Amino acid sequence: MAVATNPNRWKKRRELSAEPSHLARRGIPPRGEVIAPPLGQQVLQATLLEIFAHPTREHPWNPTGRTLTELYLCYGSWVSPQPDRIIMGSTLAQRMASYLLPYVKNIDSDFPHCRGIPGLRYRRGARYGYELVHLPTQTTIEIRDGNLGRNERLLDEAQCNRDDPGYIPLWQETDLTEVERQWNNIWRPSNHTPLNSAWFNALRMLDTYPDGTRKSARDAVFQPAATDGTPAYLRWCGTLTPQDAVDNLTTLGVGAYGEPLTLSATAPGFAIATAGGVSIELHQRPVCPGCRETQNKWHGSTATRSRGPANVGAPTTTTAPGPLRRPKNDYTSAVSA
């Protein structure tokens, strides 16, 4: 992908993403185009969005004593949209990486338990942080905090937080293990994958505090579409409007299906974003005093927590699917980019 020569474009992108300048220049596409990552990378980005913006703190892949669902909220700093890899900034790269690396229990069982992301491997430490690779989707992940990534620090971090007996580390294996192939159906693309992948790049704007320096939104909740003919669902709390969110993604050079996102069916705090004939519902909640406090994804009244996310302030009756679940045996081939 050609590097943009107009400094105003990548400077505007950097102001939104908070990424380093050299990454903004590297990632921004030529004028009139959008970033087009490989399909495998899009699948992984869509899956990470589903995990980081999970409706509750519980997830089948939660590490022992930790939670993947609030990982970006706790340790994420920025996301740099790139055409060939996932790059995230972190306040503590070694901890963020150790959350993601996989451990598996009951390997010989038909229903093994996983902690972390199946198929993720540690590749190397670098002067900016850690480099990982996801084998099923052939996607590189860089987690940066500006420090030198050291193998022994990552080992210590992972060891002190994996105290549940019986879990075996798989992230130092060279190849994809047979037990990890049981999650291969997670990495199958759908019609919605490119659109969901695009919204992964908005995490900094959608899951942070409304204090002016962090882009005025937080508490992102995402639910994938139940079927190909229904829209996905994305909700956040703050002053960032759906129009702002789509405009910001366009400034970042992010689109889906080779085109920018467009809005339709707009209303105060609501819109439907569309690309390639696929849609996602966008719901903005007003800022409340509790947004400045640390809280769970379902902070609020019992009545609010008891309703599914697609029914909280949604103008449609679309039924959102349940959270990402651990599959049964599935030995189909993985996605390759």
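Use the structure listed above.
Residues numbered from 1 in each chain as written. Predicted model: local features only at pLDDT ≥ 70, side-chain atom pairs only at ≥ 80, totals over all residues. Heavy atoms only, no water.

*Asks:* In this structure, what is going on with the sheet that holds strand S3 (residues 103-105)? I would like to understand it.
*Replies:* Sheets are built from strands paired through backbone hydrogen bonds, the pairs being either parallel or antiparallel. Taken in spatial order, the three strands of this open sheet run S4-S3-S8, and their pairing is antiparallel. Of all strands in the sheet, those bounded by a partner on one side alone are strand S4 (113-115) and strand S8 (168-169). As defined by bridge partners, S3 adjoins S4 across three bridges and the pair is classed as antiparallel. Opposite Lys105, over in S4, you have His113 as the bridge partner. (Pairing = 2+ DSSP bridges. Helix = DSSP H or I, 4+ residues; strand = E, 2+ residues; numbered from the N terminus.)

*Asks:* Quick question: what am I supposed to make of the environment of Glu178 here?
*Replies:* Take Glu178: it is sitting in the loop between S8 and helix H7 (193-200). Residues Glu178 and Ile107 lie 71 residues apart in sequence; the distance between their C-alpha atoms is 9.1 Å.

*Asks:* Please explain the packing of aromatic side chains as it appears in this structure.
*Replies:* Pairs of aromatic rings are described using the distance from one ring centre to the other and the angle between the two planes. Applying the stated criterion across every chain yields a total of five aromatic pairs. Seen from their ring centres, Tyr122 and Trp171 are 6.3 Å apart, and the 90 degrees between their planes marks the pair as edge-to-face. In this pair, Tyr122 sits in strand S5 (residues 120-126) while Trp171 sits in the loop between S8 and H7, placing the two residues 49 residues apart along the sequence. Among the aromatic residues, those joined into a cluster by ring pairs are Tyr122, Tyr130 and Trp171. Just above the ring of Trp10 sits the side chain of Arg25; from NZ or CZ to the centre is 4.9 Å. Sitting over the face of the ring of Tyr128, Arg144 holds its NZ or CZ atom 4.0 Å from the ring centroid. (Phe/Tyr/Trp six-rings, centres within 6.5 Å; stacked < 30°, edge-to-face > 60°. Lys NZ or Arg CZ within 6 Å of the ring centre and 35° of its normal.)

*Asks:* Looking at this model, I keep getting lost on the packing of helix H1 (residues 7-17) against helix H9 (residues 242-252). Mind explaining?
*Replies:* When two helices pack together, their arrangement is given by the angle between their axes and by how far apart the axes lie. Interaxial distance between H1 and H9 falls to 8 Å at its minimum, and their mutual angle equals 130 degrees. When the axes of H1 and H9 are compared, the pair comes out oblique. Crossing handedness for the pair H1 and H9: left-handed. Contacts from Lys12, Arg13, Leu16 and Ser17 of H1 reach H9 at Asn248, Thr251 and Leu252. Grouping the amino acids of the contact of H1 with H9 by side-chain chemistry returns two nonpolar, three polar and two charged. (Axes fitted to C-alpha atoms, helices over the stretch in contact; angles between N-to-C directions. Parallel < 35°, antiparallel > 145°, perpendicular 65-115°, else oblique. Left-handed = near helix turned anticlockwise from the far one by under 90°. Contact = heavy atoms within 4.5 Å. Nonpolar A, V, L, I, M, F, W, Y, C, P; charged D, E, K, R; others polar.)

*Asks:* Mind showing me how you'd approach the pattern of salt bridges here?
*Replies:* For side chains of opposite charge, pairing can occur when their charged atoms come near one another. This structure, assessed with the given rule, holds 12 salt bridges. Residue Arg124 pairs with Glu131 through a salt bridge whose shortest N-O separation is 3.2 Å. Note on Arg124: relative accessible area 38%, which makes it partly exposed. Within this structure, Arg26, Asp84, Arg85, Glu142 and Arg144 form a network of salt bridges that share partners. (Salt bridge = Lys/Arg side-chain N within 4 Å of Asp/Glu carboxyl O. Buried < 20%, exposed > 50% of the residue type's maximum accessible area, 1.4 Å probe, protein only.)

*Asks:* I would appreciate a short explanation of H9 in the present structure.
*Replies:* Think of an α-helix as 3.6 residues a turn; residues three or four steps apart then line up on the same face. Among all positions of H9, only Pro242, Ala245, Val246, Asn248, Leu249 and Leu252 are buried. Burial along H9 is one-sided: seen end-on, the buried residues are contained in an arc of 160 degrees. Where H9 ends, the next residue or the one after it, Gly253, has phi of about 85 degrees, a positive value. (Arc of directions from axis to C-beta.)

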